[in-house]
Amino acid sequence: MKILVCISNVPDTTTKIVIGTDGKNINTAGIQWIINPWDELALTRALELKDAGKISEVVVANVGTAITEATLRKSLATGADRAIRVNTEPADAWTVTSNLAEVVKNEPFDIILCGIESSDHNGSSVGGLLAGMLDLNLISSVSGLDIENEKLTVQREIDGGKEILETQGPVLLVIQKGIAIVPRIPSMRGIMQARTKPLQIVEATSSESMTETVQVTLPPEKGKCKMIDAENAGEVIRLLREEAKVL
Amino acid sequence: MNFEFTEEQLMIRQAARDYAQRELIVDVLERDEKMIYPARHIKNLAELGFLGMLVDPRYDGGGMDTISYVLAMEEISKVDASVSVIMSVNNSLVCYGIQEYGTEEQKEKYLKPLARGEKIGAFLLSEPEAGSDATSQKTTAEDKGDYYLLNGTKNWITNGNTAGTYLVVAQTHPELRHRGINVFIVDRHSSGISVGPHEDKMGMRSSDTHSVMFNDVKVPKENRIGEDGFGFKFAMKTLEGGRIGIAAQALGIAAGAYERAVQYAKERKAFGTEIANHQAIAFKLADMAVKIENARNLCLKAAWLKDNHKPFGVASAMAKLYAADIAMEVTTEAVQIHGGYGYVKEYHVERLMREAKLTQIYEGTSEIQKIVISRDVLK
């Protein structure tokens, strides 16, 4: 079985975000780029399944410019067999998905994994859009995946519990945390061999976007925390009624 | 001059950092307090390839450069210097020594399992009465024709009990003094070897340090490394390489303490503001930052010289001397910045300070490094 893991390139989670001068984007100067944490977990699960002999090939794909190649090579170092980069700015989810769809059309995969969201835009759109474009079955919020004899057992998070589903490929799974516990660390051998693995660059078939960013702002400053003595319950009630106006 | 790292070097550094910050941190305090050997971590690091980083892939190593090794050593040492000393002895003393000077047969038989981390190596030079004065070592290796007979005691041996392969320095021809010293690859489980208790050390307590006694231990002739009488030169050359590993370790200990001090200074409040806003503390952090940057540059320069097959003995001595000294200064200051919290185990910095001290002593004391440097200056 062949698996495709869709990878998003995001700023390191400790980055101090600065708004760009046009107010429509973030300033990318000096940013450390990493693999989207959900995609990293998806990739880890794919590699675990490959180690167990359930998957024959793990391919990673990204829509982005050359700055994403370091992240793709890290995925190769971690154990992916092949990487594909569609060369265009990932303007929005539509641009990303329409380009990914073209990649998949040329090469059908048994399973496609998409992280439920990316840690920068948190759009939560690509998985659903991609399944729609390709007319694939989709299961969302997947926190567990096992494969036995071409049959997939999928666990998903639902309100108040977990749901276990059985399905088979081709299928697109939108991945939630829990799919893997610890993201895989690339071995030294993997790192040294990463450049010997194929990293295919394909030209974008579409740079059409469906959305326009009007403005990007930082969130409002968090309010200060007022500490009140445990014996002073009356003061808490007064503040909740008169200042917060929630009582 | 290109001061940038390659993509591979950055990936290696990140892999070491991820393992240290996610896995080593979990049980480092307990292992330090109770002197528990980090068996699970050594196995994991072996699987990731950290124990044979510099060994040629022909012998199952990673084939990496020394700069990558320095980066990995720094990241591991920020969290756990016990694990990094095990890594350093295996990589830059034992593997390096056998790869540089061993025969093809010796490399096939001994280097491969060491590079894979299936066996751990130990380097046996110091004795109860011979540390810096290595040539007055008393362990003997009598030439018995087709084997050597080892007798003597070695001291302060890292991996003394857990190693599978020893490199043992011993005297064969006393009349030739240091030119009559040899070095041997010795199987840890040879008959006649006994190991003393796990030393109760000030720091790096999770790494096992022992005396090792040899009582009529037979060593096959083919296990001698190099020509008859090469042992002392082997030891000095190998320690030159090992020095870079320890310099990187000291750098990591300092950097780990510094990062914690910066974080603490941003959070702790005194006199109405975070202590980072008081110049007394901010200036301490500035001084620490400069020292660490210098130590890092010295380590990387020594690594670059070695990778480019240029003489690196003086550079590695400078790196080790400086990094060890600033590790002591930076960790002491980190404890100070933490105030009372710096004095309790939970905040790690007191452990880093205890660990820093050893870097000024082992693999060539700071005083020995000064001898190496001053001899070069005055030649």
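About the criteria used
- Residues numbered from 1 in each chain as written.
- Chains lettered and ligands numbered in written order.
- Predicted model: local features only at pLDDT ≥ 70, side-chain atom pairs only at ≥ 80, totals over all residues.
- Helix = DSSP H or I, 4+ residues; strand = E, 2+ residues; numbered from the N terminus.
- Contact = placed C-beta atoms within 7 Å.
- Buried ≥ 20, exposed ≤ 12 C-beta atoms within 10 Å, placed from the backbone.
- Expected span 1.5 Å × (residues − 1).
- Nonpolar A, V, L, I, M, F, W, Y, C, P; charged D, E, K, R; others polar.
- Axes fitted to C-alpha atoms, helices over the stretch in contact; angles between N-to-C directions.
- Parallel < 35°, antiparallel > 145°, perpendicular 65-115°, else oblique.
- Left-handed = near helix turned anticlockwise from the far one by under 90°.
- Domains from an automatic or database assignment.
- Pairing = 2+ DSSP bridges.

### Here's the deal with the overall build of chain B
Summing up its helical and strand segments, chain B has 10 helices and 9 strands in all. Across its three principal directions, the C-alpha atoms of chain B cover 80 × 45 × 40 Å. Pairs at least 24 apart in sequence give 74% of the contacts found in chain B among residues at least 6 apart.

### Some details on the overall build of chain A
In terms of regular secondary structure, chain A is built from 6 helices and 11 strands. If you line up chain A on its principal axes, its C-alpha atoms span 65 × 45 × 40 Å. Here chain A holds 247 residues, and the buried ones make up 36% of them. Considering only intrachain contacts with a sequence separation of at least 6, the fraction spanning at least 24 residues in chain A is 71%.

### Points about helix α7 (residues 279-307) of chain B
Helix length check: α7(B) (29 residues) gives 41 Å between terminal C-alpha atoms against 42 Å at 1.5 Å per residue, within 8%. At the exit of α7(B) stands B:H309, carrying a positive phi of roughly 55°.

### Here we look at the interface of chain B and chain A
The interface of chain B with chain A comprises 15 residues on the first partner and 12 residues on the second. Broken down by element, the residue count for the side of chain B that touches chain A peaks at 8 residues, all from helix α1 (residues 7-34) of chain B. Grouping the amino acids of the side of chain B that touches chain A by side-chain chemistry returns 8 nonpolar, 3 polar and 4 charged.

### So, the packing of α1(B) against helix α3 (residues 66-79) of chain B
Residue and element names in this part refer to chain B. Here α1 crosses α3 at 20°, and the two axes come no closer than 8 Å. In terms of orientation, α1 lies roughly parallel with respect to α3. As for how α1 packs across α3, the hand of that crossing is right-handed. Between α1, through Q9, I12, R13, A16, R17, A20, Q21, L24, I25 and V28, and α3, the contact on the second element is made entirely by I67, S68, L71, A72, E75, I76, K78 and V79. A class-by-class count of the residues in the contact of α1 with α3 yields 11 nonpolar, 3 polar and 4 charged.

### Concerning the domain arrangement of chain B
Residue and element names in this part refer to chain B. Here the domain parsing of chain B yields domain 1 (7-115), domain 2 (121-232) and domain 3 (239-378). Computed from C-alpha coordinates alone, the two centres of domain 1 and domain 2 are separated by 23 Å. Counting from both sides, the interface comprises 22 residues of domain 1 and, opposite them, 18 residues of domain 2. Of all the secondary-structure elements, those providing two or more residues to the side of domain 1 that touches domain 2 are α1, α4 (81-101) and α5 (104-115). Top element by residues in the side of domain 1 that touches domain 2 is α4. It accounts for 11 residues. For the side of domain 1 that touches domain 2, a count of residues per class yields 14 nonpolar, 5 polar and 3 charged.

### A word on unusual backbone geometry
Most of the time, phi is negative for any residue but glycine, and the peptide bond is trans. The linkage connecting A:G169 with the following residue, A:P170, adopts the cis geometry, with an omega of -5°. Relative to the assigned elements, A:P170 resides in the loop between β9 (161-168) and β10 (171-175). Look at A:N122: it is not a glycine, yet its phi comes out positive at around 50°. You can see A:N122 is positioned in the loop between β6 (111-115) and α4 (126-134). Look at B:D60: it is not a glycine, yet its phi comes out positive at around 70°. Here B:D60 lies in the loop between α2 (39-48) and α3.

### Section: the packing of α4(B) against α5(B)
All names here are of chain B. Across the interface, α4 lies against α5 with an axial gap of 9 Å and an inter-helix angle of 165°. As judged from the angle between their axes, α4 and α5 are roughly antiparallel. The interaxial crossing formed by α4 with α5 has left-handed handedness. Contacts between α4 and α5 pair N90, V94, C95, I98 and Q99 from the former with Q106, K107, Y110, L111, L114 and A115 from the latter. Of the residues assigned to the contact of α4 with α5, the class counts are 7 nonpolar, 3 polar and 1 charged.

### Here's the deal with helix α3 (residues 93-105) of chain A
Given 3.6 residues per helical turn, the α-helix brings residues three or four places apart onto the same face. With 13 residues, α3(A) extends 18 Å from end C-alpha to end C-alpha; this agrees with the ideal 18 Å at 1.5 Å per step. On its buried side, α3(A) packs onto β1 (2-6), β4 (57-64), β5 (82-87), β6, α4 and β11 (199-203) of chain A.

### Observations concerning the sheet that holds strand β8 (residues 151-158) of chain A
Residues and elements named next belong to chain A. An order of β9-β8-β7-β10-β6-β1-β4-β5-β11 is seen for the 9 strands of this open sheet, with the pairing classed as mixed. At either margin of the open sheet sits one strand with a lone partner, and together these are β9 and β11. Each strand axis lies, on average, 35° off the axis of its neighbour in the sheet, ignoring direction. With 8 bridges connecting them, β8 and β9 associate as antiparallel partners. Following the sheet pairing, I158 is matched in β9 by G161. Relative to β1, helix α1 (residues 37-51) is tilted by about 165°, and along the sheet it contacts β1, β4, β6, β7 (137-148) and β10. Helix-sheet contacts for helix α2 (residues 69-78) involve β4, β5 and β11, and the interaxial angle to β5 is about 165°.

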